[in-house]
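Fold and geometry: a report
Listed here are the chains, written in short residue letters.
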Amino acid sequence: MSGVEKSSREDKEHGAAIEVRDLHKSFGALEVLSGIDFSVAYGEVVCVIGPSGSGKSTLLRCVNLLEEPTSGTVWVAGDEVTDPDVDIDRVRRGIGMVFQSFNLFPHLTALENLTLPQRRVLGRDKAEAARIGRDRLARVGLTDKEAVYPAKLSGGQQQRVAIARALAMDPQLMLFDEPTSALDPELVGDVLAVMRSLADEGMTMLVVTHEMSFAREVADRVVFMDGGVIVEEGPPEQVIDSPTHARTRSFLARVLDPAAAGLGGPGEDGTDGARP
Amino acid sequence: MSTPKSAPTPTPKSAPKSKSMSRRQRTRVVRGVQYAVLLVVVLVVALAADWGEIRRAFFDVEVAKAQFPEIITTALVNTVLYTLLGFGFGLALGLLLALMRLSKVPPYRWLAVAYIEFFRGVPALLVFIALGFGVPLAFQVSLNQYVTVMLALGLVGAAYMAETIRAGILAVPKGQTEAARSLGMSQGRAMVSIVIPQALRIVLPPLTNELILLTKDSSLVYLLGLSLSQYELAKFGRDALNQNRSLTPILIAGLCYLVITLPLGHLVRRLEASTARAR
Ligand SMILES: Nc1ncnc2c1ncn2[C@@H]1O[C@H](COP(=O)(O)OP(=O)(O)O)[C@@H](O)[C@H]1O
Ligand SMILES: [Mg+2]
């Protein structure tokens, strides 16, 4: 019996970067995730879309155990993160996470934000951490900002430093939770460009986003969530351009053309009416 | 607009005139009376007081000269030294207590709460007596004076600093810990490298206030039997008072405290202003 389990686990290790089985998560009486099954293959870019409060962040946070799942199983790169005996700090090293609110360390410069985790977590020496840190800052186009504190950077620059910080740990996969939602519109492009180049290099990425054009162009697969379940998933051209579910259509109508939805009140109402 | 009493003429021109006059004048009269009272008090004091006596008691130049340089080189230096010893020990213990207070293990929390409540509730004087006289008598050990001072000031200061630091730790946004953990840092590492440095920055103004309080509390050292070279400002001033029968040394000692506390107080206000700006 244990042999069967072991072999299935090895299959997962070779098959998927992230594997989620029957994941449930409740906060008190509120069930936020009601049985999620999905996986992300190595090198794949998966975008998660869905209305606010549908559980997208919670799903992402269950992958690196920032939230403890109520039940279900999550494997990341062959490690079962839901196993109580797993060394979660070791697993998290391999998972880069980018937050909506950047969460740079304000008491450290841009470069120190990159070097401190490398030195404390990976045990890299000062010179190597600085060399790798500068390389990652160059990747996100911020070489000249290495000595600057986060408070002196624009939102877009802060988010790019946050991406560089995650990259400096040489992660096997990256999680992005609405990385551009807190940015002024004119700063969104720089961050998306960095993410696009990461995807082009084959980084495994799970991205919660409302940027439909990014999802359409970069994602291998789009997952639409609503009410704690995956409503539909598939290639972007299918989910975004010809969704099969009414809930997906109504969500996309609101996200893709908020101006038209706002102006054409009756049309939006009609779409919403189809929602339940 | 105008009351019947104050408006004999109903024209709009004269009505506001009488009203504004009375208002402005009233303020001027009230202020004038205040100045007059002050002037009278000053005059009475100046005439009644025996200035020769006062100058001899408070501003005796010979006595003042005799206090230098020891009041600086010994007393002021010792006050600063005792304060820093107490502050250093108190800060370390306060940090430990704050972490215990936030621990997930309930007995740690209980211990920390009991400690904090106890040492905030008893007079610092009592702690000095306990450590200076109680411990040597009860345990037949004689603590080094500097250790006694460090413990006595630190034990009390720690209770206050623990609560301050705890508030600072709680004020660091949760996203900071989450970012640190997501990079693979352990709970303890995230606390030490990410949360505590930010928490201490947040509580720098109240901690500086605590340093001011400790500077003044260090005067309680005068209770302990000190050798001459261990005198701090209060003990030094008191000794000189006995020798000279003049308040002058006390006044100088007081000024020496102000030399420490006023700049620190100014620093606190600047720190508060700069944190307010940063928000
Ligand atoms: N720590 C928490 N405690 C209680 N409720 C939470 C917590 N985190 C999220 N929720 C709730 O879970 C639901 C889903 O949240 P979230 O995963 O953030 O949705 P999304 O990212 O799709 O907007 C929301 O109703 C939210 O209020
Ligand atoms: Mg969210």
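The shown structure was predicted, so the numbers you read here are calculated from the model rather than taken from an experiment.

Check the secondary structure of chain A and you find 12 helices and 10 strands. Looking at chain A residue by residue over its 276 residues, the buried ones come to 53%. Put simply, 64% of the contacts in chain A that link residues at least 6 apart link residues at least 24 apart. Accessible surface, chain A as shown: approximately 11,800 Å² in total, 48% of it carbon and sulfur.

Turning next to the packing of helix α4 (residues 70–101) of chain B against helix α5 (residues 106–121) of chain B. All names here are of chain B. Running from amino to carboxyl end, α4 crosses α5 at an angle of 130°, the nearest separation of the two axes being 7 Å. When the axes of α4 and α5 are compared, the pair comes out oblique. In the crossing of α4 with α5, the sense of the turn from one axis to the other is left-handed. Counted together, Leu 93, Leu 97, Met 100 and Arg 101 of α4 and Tyr 108, Arg 109, Leu 111, Ala 112, Val 113, Tyr 115 and Ile 116 of α5 form the full contact between these two elements. Its residues placed into classes, the contact of α4 with α5 shows nine nonpolar, no polar and two charged.

Taken together, the contacts link 22 residues of chain A with 18 residues of chain B. Across the chain A-chain B interface, the total number found is two salt bridges. The partner of Arg 61 of chain A in a salt bridge is Glu 178 of chain B, and the shortest N-O contact between them spans 2.7 Å. Counting across the chain A and chain B interface gives five residue pairs in polar contact (both at pLDDT 80 or more). Of all the secondary structure elements, the ones that give two or more residues to the side of chain A that touches chain B are α3 (88–93), β6 (95–98), α4 (110–122) and α6 (155–167) of chain A. Considering only residue class, the side of chain A that touches chain B consists of 13 nonpolar, three polar and six charged.

Here the focus is the UniProt feature "domain: ABC transmembrane type-1" (unreviewed entry) in chain B. Those residues carrying the UniProt feature "domain: ABC transmembrane type-1" (unreviewed entry) are residues 76–268 of chain B in this numbering. Helix and strand shares over residues 76–268 of chain B are 81% and 0% respectively, and the end C-alpha atoms of the span are 21 Å apart.

That bond from Phe 68 of chain B to Pro 69 of chain B is cis: its omega, 0°, falls within 30 degrees of zero. With respect to the helices and strands, the residue Pro 69 of chain B is situated in the loop between α3 (61–67) and α4. Unusually for a residue other than glycine, Asp 22 of chain A sits at a positive phi of about 50°. Positive phi, close to 45°, is recorded for Glu 178 of chain A, a residue that is not glycine. Structurally, the position occupied by Glu 178 of chain A is in the loop between β7 (173–177) and α7 (185–200). For Glu 178 of chain A, a relative accessible area of 12% puts it in the buried group.

So, about the state of the cysteines. One pass over the structure, following the stated rule, counts zero disulfides over all chains. Cys 47 of chain A takes part in no disulfide bond, and the closest cysteine sulfur to it belongs to Cys 62 of chain A, at a distance of 19 Å.

Residues and elements named next belong to chain B. According to UniProt, the "transmembrane region" (unreviewed entry) feature falls on residues 29–51, 71–97, 118–139, 145–162 and 247–268. The straight-line gap between the two end C-alpha atoms of residues 71–97 is 36 Å; of that span, 100% is helix and 0% is strand. The span residues 145–162 carries 100% helix and 0% strand; its end-to-end C-alpha distance comes to 25 Å.

Geometry of a packed helix pair, given as the angle between the helix axes and the separation of the axes. Residue and element names in this part refer to chain B. Packing of α4 against helix α7 (residues 145–171) brings their axes to within 5 Å, and their N-to-C directions diverge by 45°. The angle between α4 and α7 falls in the class oblique. Crossing geometry of α4 relative to α7 is assigned as right-handed. Of the residues assigned to the contact of α4 with α7, the class counts are 22 nonpolar, six polar and three charged.

Looking now at the environment of Gln 140 of chain B. Within the secondary structure layout, Gln 140 of chain B lies in the loop between α6 (124–139) and α7. A polar contact is formed between the side chain of Gln 140 of chain B and the backbone oxygen of Leu 137 of chain B, at a distance of 3.1 Å.

All names here are of chain A. The sheet built from six strands is open, its strands ordered β6-β7-β8-β3-β9-β10 with mixed pairing. Both edges of this open sheet fall to β6 and β10 (229–234), since each of them pairs with a single strand only. Averaged over all pairs of adjacent strands, the angle between strand axes in this sheet comes to 15°, irrespective of strand direction. Note: strand β3 (residues 45–49) against strand β8 (residues 204–208), four bridges, orientation parallel. Bridging across to β8, Val 48 finds its partner in Val 208. Of the strands in this sheet, β3, β6, β7, β8 and β9 (221–226) are in contact with helix α2 (residues 56–63), which crosses β7 at around 155°.

With 55 residues, the main nonpolar core has Ile 71, Leu 97, Tyr 115 and Leu 233 of chain B as its most contacted residues. At the level of elements, α4, α5, α6, α7, α9 (187–202), α10 (204–217), α11 (233–244) and α12 (248–278) of chain B are the ones that each hand at least two residues to this core. Element by element, the count of residues in this core is highest for α7 of chain B, at 11 residues. Each residue touching Ile 71 of chain B, except ones within four places of it in the same chain, is listed here: Leu 76, Leu 233, Phe 236, Pro 249, Ile 252, Ala 253 and Cys 256 of chain B. Counting 47 residues, the second largest nonpolar core, distinct from the first, contains Met 174, Ala 219, Phe 224 and Leu 252 of chain A.

So, on to the side chain of Thr 148 of chain B. With respect to the helices and strands, the residue Thr 148 of chain B is situated in helix α7. Aside from chain neighbours lying at most four places away, what touches Thr 148 of chain B is Leu 131, Gly 132, Leu 143 and Leu 224 of chain B.

Below, the discussion takes up the pattern of salt bridges. A complete count under the given rule lists 23 salt bridges over all chains for this structure. In this structure, the salt-bridge partner of Arg 134 of chain A is Glu 146 of chain A, at a minimum N-O distance of 2.8 Å. Within this pair, whereas Arg 134 of chain A is found in helix α5 (residues 126–139), its partner Glu 146 of chain A is found in the loop between α5 and α6, the two being separated by 12 residues in sequence. Among the charged side chains, a network of salt bridges with common partners joins Arg 61 and Glu 67 of chain A together with Lys 174 and Glu 178 of chain B.

Let's shift gears to the site of ligand 1. Residues and elements named next belong to chain A. Taken together, Phe 27, Leu 30, Val 32, Pro 51, Ser 52, Gly 53, Ser 54, Gly 55, Lys 56, Ser 57 and Thr 58 are the residues near ligand 1. Taking Gly 55, its main chain carries an N or O atom lying 3.1 Å from an oxygen atom of ligand 1. Those elements giving two or more residues to the shell around ligand 1 turn out to be β2 (30–40) and α2. In terms of residue count, the dominant contributor to the shell around ligand 1 is α2 (three residues). Classifying every residue of the shell around ligand 1 by side-chain character gives four nonpolar, six polar and one charged.

Each value, and the rule that gives it
Residues numbered from 1 in each chain as written. Chains lettered and ligands numbered in written order. Predicted model: local features only at pLDDT ≥ 70, side-chain atom pairs only at ≥ 80, totals over all residues. Heavy atoms only, no water. Helix = DSSP H or I, 4+ residues; strand = E, 2+ residues; numbered from the N terminus. Buried < 20%, exposed > 50% of the residue type's maximum accessible area, 1.4 Å probe, protein only. Contact = heavy atoms within 4.5 Å. Areas by Shrake-Rupley, 256 points an atom, 1.4 Å probe, with all protein chains shown as cover. Axes fitted to C-alpha atoms, helices over the stretch in contact; angles between N-to-C directions. Parallel < 35°, antiparallel > 145°, perpendicular 65-115°, else oblique. Left-handed = near helix turned anticlockwise from the far one by under 90°. Nonpolar A, V, L, I, M, F, W, Y, C, P; charged D, E, K, R; others polar. Salt bridge = Lys/Arg side-chain N within 4 Å of Asp/Glu carboxyl O. Polar contact = N/O pair within 3.5 Å; in protein donor to acceptor, adjacent residues only side chain to side chain. UniProt positions renumbered as here; feature names shortened; annotations may be inferred. Disulfide = S-S within 2.5 Å. Pairing = 2+ DSSP bridges. Core = buried A, V, L, I, M, F, W, Y, C linked by side-chain atoms within 4.5 Å. Near = heavy atom within 4 Å.

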